[in-house]
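In case you want the letters, here they are:
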Amino acid sequence: RRLMDNEALKKLESRVDDLIGTCRQLKKDNHAIKDEHARLLEKTQIARTRIESMIGRLKALERGS
């Protein structure tokens, strides 16, 4: 009985270690995704500003014609 308990405990410990490793990897992946999201938001804002500027110039050109 004691041998079974020891084996079960070792198996549980191994599973907990695996879960800890998975959690660490998920945290790392989540951080990378947040960084990428912030970078994409910045690029989107830059593109939006440039497009709005082009539209403004086109409208000004249209009014001038």
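Look up: the structure comes first, before these words.
Residues numbered from 1 in each chain as written. Predicted model: local features only at pLDDT ≥ 70, side-chain atom pairs only at ≥ 80, totals over all residues. Heavy atoms only, no water.

*Asks:* Before we go on, may I ask you to explain the overall build of the chain in this structure?
*Replies:* From N to C terminus, the chain includes one helix and zero strands. In terms of C-alpha radius of gyration, the chain reaches 28 Å, well past the compact-globule figure of 11 Å for 65 residues. Expressed along its principal axes, the backbone C-alpha trace of the chain runs to roughly 95 × 10 × 5 Å. A burial count over the chain gives 0% of its 65 residues as buried. As presented, the chain carries roughly 6600 Å² of accessible surface, and 59% of it is formed by carbon and sulfur atoms. Across the chain, the mean location of the 16 positive side-chain charges is 4 Å away from that of the 11 negative side-chain charges. (Helix = DSSP H or I, 4+ residues; strand = E, 2+ residues; numbered from the N terminus. Rg over C-alpha atoms; globule rule 2.2 N^0.38 Å. Buried < 20%, exposed > 50% of the residue type's maximum accessible area, 1.4 Å probe, protein only. Areas by Shrake-Rupley, 256 points an atom, 1.4 Å probe, with all protein chains shown as cover. Lys, Arg positive; Asp, Glu negative; His and termini not counted. Charge placed at Lys NZ, Arg CZ, Asp CG, Glu CD.)

*Asks:* It is not clear to me how the pattern of salt bridges should be interpreted in this structure. Could you clarify?
*Replies:* Two side chains that carry opposite charge are able to pair once their charged atoms sit near each other. Here the structure, examined in full by the defined rule, presents one salt bridge. Put simply, Glu36 and Arg39 hold a salt bridge, and the shortest N to O gap is 2.8 Å. Placement of both Glu36 and Arg39 in helix 1 (residues 2–64) is noted, with a separation of three residues, approximately one turn of the helix. For Arg39, a relative accessible area of 38% translates into the label partly exposed. (Salt bridge = Lys/Arg side-chain N within 4 Å of Asp/Glu carboxyl O.)

*Asks:* Hey, could you run me through a nonpolar patch on the surface in this one?
*Replies:* Together, Leu9, Leu12, Val16 and Ile20 make up a nonpolar patch on the protein surface, roughly 340 Å² of accessible area in all. When you line up the elements, Ile20 lands in helix 1. We classify Ile20 as partly exposed; its relative accessible area is 37%. (Patch = residues over 30% accessible without salt bridge, like charges linked within 9 Å, V, L, I, M, F, W, Y side chains within 5 Å.)

*Asks:* Where do I start with the environment of Leu40 in this structure?
*Replies:* Tracing the sequence through the fold places Leu40 in helix 1. Taking the relative accessible area as the measure of exposure, Leu40 reaches 40% and is therefore partly exposed. Residues Leu40 and Ser65 lie 25 residues apart in sequence; the distance between their C-alpha atoms is 37 Å.

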